[in-house]
Amino acid sequence: MEKVESKSLFGWYFNTNLLIRILIGLIAGSVVGIILGSVLEGAELARVLAWIQPFGTAFIRLLFMIMVPVIFSTLIVGAASVSPKQLGKVGVRVMLIYVFSSFLAVGTGLAAGFLFRPSVELVGIEAAVGDARVAPPLADQLLAIIPNNIAASIVGGHLLSIIFFTLCFGTAIAMLRESGNERTKNAAETVFNFFDGCAEIIIKMVKGIMHYAPIGVFALIAVVFATAGPAVVGGLAMVVVTCFAAYIFYVVVWYLLICVRTIGGLSIGRFLMGAKEAMVTGFVTRSSAATLPVTMECAAKLGLPKNVYSFAVPLGATINMDGTAIYQGAAVVFIALTVHLHDPVIFPYILTGEQILTVLLMATLATIGTAGVPGGGMIMLLMVLYSIGLPADGTIPVVAAAYAMIVGIDALLDMGRTSINVVGDLVYLSALTRRMGTLDMQKWA
Ligand code: ASP
């Protein structure tokens, strides 16, 4: 956002770092919520909250609104940017590693969730009624990935079908961009440029929505604290602890000890020296896309061959998001556990075996469709929750409340996950090229 030249409150708002504004929203929302909850009661409290609530609901609706356009634009441009020629043997391996590791990361997040059991006790939220777990069986969900009618999928917000279609569409563009036929090539280039423009515009919109985040977070958190009381603080702190414990475990054990040291036979210290700028930039910007130039520079510093990192790092910034995958796993357990504790009759299990499998699969696909911008992961969490019968759109009030709470602290969780998203690309590419004998070992001497 361009600097707004004004000394007014408006100018201050747009010129202050977003993270700081969100944290202010979070703290102010908690304080206001606690005060309201302790001085007002019953109908009076409900009347005041009815004024605050719409500001939070508007934020959630904005996230829903942007979900499909984000997937469409990010994935078409991502898939269309990788030339099939470049892909070759290394490319296929890179893709497989990127996808496999996401499974592992979601599993780590789920395991951390079950270990730390983060949850909050939500009093005052309406109980769910009927049989709310209406998610169709996994096999049907898998088949439904192939759309019967793409227009219907877009209208109905069937995200997996949209992901499937856009990946096919983007790959076809990538192939035609290299066609020998001048007319076809130009046409494909035009369509590519069109979607490239769309992607830029959508990202701009996401950034715009994020400017509203501090107000949305304030309202969401104030309502939760006013109705559920300060007891939820511990639960939310536990979500942060769970995610960061999982992030640290994943980096130390999987990235450093297994991938860098054991599989790549490389020095952990040297790796960290080479990758530190990207890690720090990811942490503070909370955007893999914004960190991309720094990640490229680190890739060069680590001695990765240019023909590999020139396509594999941008590809990784779009589809390889282990940090986001860990977060999805842990966040799902937090929400499912909170819902289970709130309505144990309707939700007798935290997650069933089938739901866990569904989360592994859907969260992996979700990370592929996540845009590398601040808050991208919390938008895609909506899709994962929907796939296990826990829609956050308000049909089950306790799900919406739990989702609102995790949105409130998303800025903190996003810093850690983005840092991992960024460093993951460097880890895998270093280990892979070392094994293939193409890593420049002079850079490691
Ligand atoms: N902010 C993350 C990234 O850019 C995406 C996310 O929100 O999970 O990598």
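Please refer to the structure placed before this passage.
In this text the structure is predicted, and so the values were computed from the model without any measurement.

In this structure the tally under the stated criterion is three cavities of 30 Å³ or more. Around the largest cavity, the lining comprises 15 residues; the ones closest to its centre are T324, V373, D414, T418 and N421. Taken together, the elements giving at least two residues each to the lining of the largest cavity come down to α15 (376–387) and α17 (410–436). Element by element, the count of residues in the lining of the largest cavity is highest for α17, at four residues. Here the lining of the largest cavity is composed, by residue class, of three nonpolar, nine polar and three charged. Residue lining of the second largest cavity: I22, F59, M210, A213, V217, R286, M378, V407, D410 and A411, and that is the complete set. Put simply, the parts of the chain that give the lining of the second largest cavity at least two residues each are α8 (182–228) and α17. Sort the elements by how many residues they give to the lining of the second largest cavity and α8 lands first, with three residues. Of the residues assigned to the lining of the second largest cavity, the class counts are eight nonpolar, no polar and two charged.

So, about the packing of aromatic side chains. Taken as a whole and assessed by the stated rule, the structure comprises eight aromatic pairs. Between F169 and F195, the ring centres sit 5.7 Å apart and the planes meet at 85°, which makes this aromatic pair edge-to-face. In this pair, F169 is assigned in helix α7 (residues 159–176) and F195 in helix α8, connecting sequence segments 26 residues apart. In this structure F169 comes out as partly exposed when scored by relative accessible area, which is 30%. Look at F195 and you get buried, because its relative accessible area is 15%. An angle of 85° between the planes, with centres 5.6 Å apart, marks the rings of Y255 and Y428 as edge-to-face. With Y255 in helix α9 (residues 232–263) and Y428 in helix α17, the pair connects residues that are 173 residues apart, well separated along the chain. An identical accessibility class is assigned to Y255 and Y428; each is buried. Each member of the aromatic cluster is reached from another via a ring pair, and the members are F165, F169, F194 and F195.

Parameters and conventions
Residues numbered from 1 in each chain as written. Predicted model: local features only at pLDDT ≥ 70, side-chain atom pairs only at ≥ 80, totals over all residues. Heavy atoms only, no water. 1 Å grid on protein atoms, 1.4 Å probe; cavity = no way out; pocket = protein on both sides within 12 Å on 5 of 7 lines; lining within 4 Å. Points joined across faces, edges and corners; volume = space filled by probe spheres on them. Helix = DSSP H or I, 4+ residues; strand = E, 2+ residues; numbered from the N terminus. Nonpolar A, V, L, I, M, F, W, Y, C, P; charged D, E, K, R; others polar. Phe/Tyr/Trp six-rings, centres within 6.5 Å; stacked < 30°, edge-to-face > 60°. Buried < 20%, exposed > 50% of the residue type's maximum accessible area, 1.4 Å probe, protein only.

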